[in-house]
Amino acid sequence: MINNRDKAYLEAFGKHLQELRQAKGLSQQQLAFEAGLNKNQVGNIERGEVNTTISTILSLSKALDVDCKALFDFQYEEPQ
């Protein structure tokens with residue numbers, strides 16, 4: 001279960017991941033294959049349903065051919 005205080009951040013991260021994936025012209029299934037992940041896991045991350053691990057972030061960054069820090073380069077506003 002995800003802590004509600006983190007939900008908005010995880011959703012923003014997931015949306016950014018989805019944008020990066022789409023900019024590369026990859027489907028969730030293609031990204032999952034390239035990263036060595038399950039397709040459902042990519043979908044769960046993109047929807048902000050899971051708090052992913054550092055090793056998964058590394059796998060995603062390699063599959064997208066971007067630095068890990070690029071996955072965290074998005075706008076986020078703390079909910080009030």
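Above: the structure in question.
For the structure given in this document, a descriptive report is provided here. (Residues numbered from 1 in each chain as written. Predicted model: local features only at pLDDT ≥ 70, side-chain atom pairs only at ≥ 80, totals over all residues. Heavy atoms only, no water.)

## A short note on the pattern of salt bridges
One pass over the full model with this rule turns up four salt bridges. Its salt-bridge partner being Lys 15, residue Glu 19 comes within 3.9 Å of it at the nearest N-O pair. In this pair, Glu 19 and Lys 15 both sit in helix 1 (residues 4-23), four residues apart, roughly one turn of the helix. Look at Glu 19 and you get partly exposed, because its relative accessible area is 41%. Residue classification places Lys 15 among the exposed positions, given a relative accessible area of 51%. Here Arg 21 ties to Glu 46 by a salt bridge, and the two come within 2.6 Å at their closest N and O atoms. Remark: Glu 46 occurs in helix 3 (residues 39-46) and Arg 21 occurs in helix 1; sequence separation between them is 25 residues. (Salt bridge = Lys/Arg side-chain N within 4 Å of Asp/Glu carboxyl O. Helix = DSSP H or I, 4+ residues; strand = E, 2+ residues; numbered from the N terminus. Buried < 20%, exposed > 50% of the residue type's maximum accessible area, 1.4 Å probe, protein only.)

## A look at helix 3
Those residues of helix 3 that fall on the buried side of the exposure criterion are Val 42, Gly 43, Ile 45 and Glu 46. Seen along its axis, helix 3 keeps its buried residues to an arc of 160°; they face one direction. Of the surrounding elements, those touching the buried residues of helix 3 are helix 1, helix 2 (28-35) and helix 4 (54-64). You can read the cap of helix 3 off the contacts: a side-chain oxygen lies 2.7 Å from the backbone nitrogen of Asn 40, and it is on Asn 38. Among the residues trailing helix 3, Gly 48 stands out with phi positive, at a value near 75°. (Arc of directions from axis to C-beta. Contact = heavy atoms within 4.5 Å. Polar contact = N/O pair within 3.5 Å; in protein donor to acceptor, adjacent residues only side chain to side chain.)

## Topic: the environment of Glu 46
Assessed through its relative accessible area of 7%, Glu 46 is described here as buried. Through-space distance from the C-alpha of Glu 46 to that of Glu 11 is 7.0 Å; in sequence the pair is 35 residues apart. Dropping the residues within four chain positions of it, Glu 46 is found in contact with Glu 11, Gly 14, Lys 15, Leu 17, Gln 18, Arg 21 and Gln 28. Polar contacts involving the side chain of Glu 46 include one to the side chain of Arg 21, which spans 2.6 Å.

## Notes on unusual backbone geometry
Despite not being glycine, Asp 65 shows a phi value in the positive range, around 60°. Structurally, Asp 65 can be placed in the loop between helix 4 and helix 5 (68-71). Taking the relative accessible area as the measure of exposure, Asp 65 reaches 66% and is therefore exposed.

## Quick word on the packing of helix 2 against helix 3
Their axes nearest at 8 Å, the elements helix 2 and helix 3 cross at an angle of 110°. Classed by the angle they form, the pair helix 2 and helix 3 counts as roughly perpendicular. Once helix 2 is placed against helix 3, the crossing between them reads as right-handed. Side by side, helix 2 and helix 3 meet where Gln 28, Gln 29, Leu 31 and Ala 32 of the first sit next to Lys 39, Val 42, Gly 43 and Glu 46 of the second. Within the contact of helix 2 with helix 3, the residues separate by chemical class into three nonpolar, three polar and two charged. (Axes fitted to C-alpha atoms, helices over the stretch in contact; angles between N-to-C directions. Parallel < 35°, antiparallel > 145°, perpendicular 65-115°, else oblique. Left-handed = near helix turned anticlockwise from the far one by under 90°. Nonpolar A, V, L, I, M, F, W, Y, C, P; charged D, E, K, R; others polar.)

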